[in-house]
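Structure at a glance
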Amino acid sequence: MSFVMTLHNRTQFLGEAESSIRNQSYPTELVVIDSSDKPLRDLVRAEKYIYAPDDESWPPYVSKKWNRAIRVCAGDYVAFIDDDDAKAPDFLSTLVPKLEQNPALDAVACCGNIMDETSNVTGPTYGFGDPPSRSSYLRKPGYFITMGHFLIRRTVFWRKMFDEALGVSEDYDFVLRLMDGSVEFLHDPLVFQRAYPGRLSANPRVTPATQFALRRILKKYGVISECCTRCGVTLPAREWMINLGSSGWDILCFDCEPKAKMVLIGGEPVVRRETVQ
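Once a new chain begins, its residue numbering starts again from 1 and follows that chain's sequence as written. Local features in this predicted model are restricted to residues whose pLDDT is 70 or higher, and side-chain atom pairs enter the listing and the counts only when it is 80 or higher, whereas totals over whole chains, interfaces and linings include all residues. Water and hydrogen atoms play no part in the side-chain values, which are based on all heavy atoms of the structure.

Another aspect to go through is the overall build of the protein. Strands are runs of DSSP state E lasting at least two residues, helices are runs of H or I lasting at least four, and both sets are numbered from the N terminus onward. A tally of regular secondary structure across the protein gives six helices and 13 strands. In the protein, once contacts between residues fewer than 6 apart in sequence are set aside, the share between residues at least 24 apart is 67%. Only the protein chains shown count as cover for residues, with accessible areas throughout obtained via the Shrake-Rupley method and a probe of 1.4 Å. Just so you have it, the protein exposes about 13400 Å², and 51% of that area is on carbon and sulfur atoms. Contacts between residues were defined by any pair of non-hydrogen atoms, one from each residue, lying within 4.5 Å.

A word on the pairing of strand 8 (residues 150-153). With burial as the criterion, each face of strand 8 is covered, one bearing Phe 150 and Ile 152 and the other bearing Leu 151 and Arg 153. Two elements, strand 4 (residues 77-82) and strand 8, share three bridges in a ladder whose sense is antiparallel. The residue of strand 8 that forms the bridge with Tyr 77 is Arg 153. Paired strands are those between which DSSP finds at least two bridges. Judged from the three bridges that link them, strand 6 (residues 107-115) and strand 8 form a sheet pairing that is antiparallel. Residue Val 108 lies in a different strand from strand 8, and its bridge partner there is Leu 151. Exposure is judged per residue with a 1.4 Å probe applied to protein chains only, and the accessible area is read against the type maximum: over 50% gives exposed, under 20% gives buried, and values in between give partly exposed.

Here a pair means two rings of Phe, Tyr or Trp (six-membered ring of Trp) with centres within 6.5 Å. Their orientation is stacked below 30 degrees between planes, edge-to-face above 60, and tilted elsewhere. Taken as a whole and judged by the stated rule, the model has eight aromatic pairs. Distance and angle both matter: a charge sits over a ring if NZ of Lys or CZ of Arg is within 6 Å of the ring centre and within 35 degrees of the ring normal. For the cation-ring pair, Lys 87 lies above Phe 91, with the distance from its terminal atom to the ring centre recorded as 4.7 Å. Of note, Arg 194 hangs over the ring of Phe 13, and the distance from its end group to the ring centre comes to 3.7 Å.

Not every positive phi belongs to a glycine, and Ser 119 is a case in point at roughly 70°. Owing to a relative accessible area of 30%, Ser 119 belongs among the partly exposed residues under this scheme. With a phi angle near 60°, Ser 169 is a residue other than glycine that sits in the positive phi range. Among the structural elements, Ser 169 can be located in the loop between strand 8 and helix 5 (170-178). By relative accessible area, Ser 169 is classed as buried at 14%.

Throughout, nonpolar core names a set of buried Ala, Val, Leu, Ile, Met, Phe, Trp, Tyr and Cys residues whose side chains join them through atoms within 4.5 Å. Counting residues in each nonpolar core, the largest one holds 49 residues, and the members touching the most others are Phe 80, Phe 150, Ile 152, Tyr 172 and Leu 218. Filtering out sequence-adjacent residues up to four positions away, Ile 152 remains in contact with Asp 76, Tyr 77, Val 78, Phe 80, Asp 106, Ala 107, Met 147, Phe 157, Phe 174 and Leu 178. Judged by nonpolar contacts, the second largest core, of 28 residues, contains Leu 14, Leu 40, Val 44 and Leu 151.

Here's what the structure looks like:
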């Protein structure tokens, strides 16, 4: 069993993340892709270690790092873990039998819990929709799941890898493509995702990159078009905003989103100067 861990300048929770892998009931190999400013190899017992420091560009293109790590994985099944998250002790013992009993399955996914900086559980992670489907995952705001929820047959990566053109949201895109095959969804909470201010998803620099990635992904599946969802006007190249509404995704012109304080101009977030009523 191969676990791919991304490592980036964080060590506070690294021991907990690694212990959760070593405490599984199956033999595991840990493949670390380290993009820290300085190598952190001495702080983690990885069977395979790749040092690939980030340059000054943004977004971080985790897709490229994951693909590089996957190519050296030796396990029949591949799971993903961030350096500040953890797996339940029965993560593999619950998911592996599903794949072994059904060779037609590409992957198995589970639910999970959110924990804080002190490892206290604060609530559940997002669900899959009922029934789970690409449609529900595309259109329902609460149905986001990350790569950490999956155990994937390694041969799947012979057919599909992460889209390296995406700087962020590569996991969202990959899960949508994974649903081309056979995926079983379990409601067992077997992963622990940490939520705190220092996470990448809390970084405001991610916002413009996420907007452009989402526009590309959602257009591919026909969820949005080149026109504003509300008024139908053809959208300019830069002045638009992806919005997560109560019924799903919208792409809006600025006239239809007057309350937006952050907009994208030239791919960067800029505070609007108008007074927001």
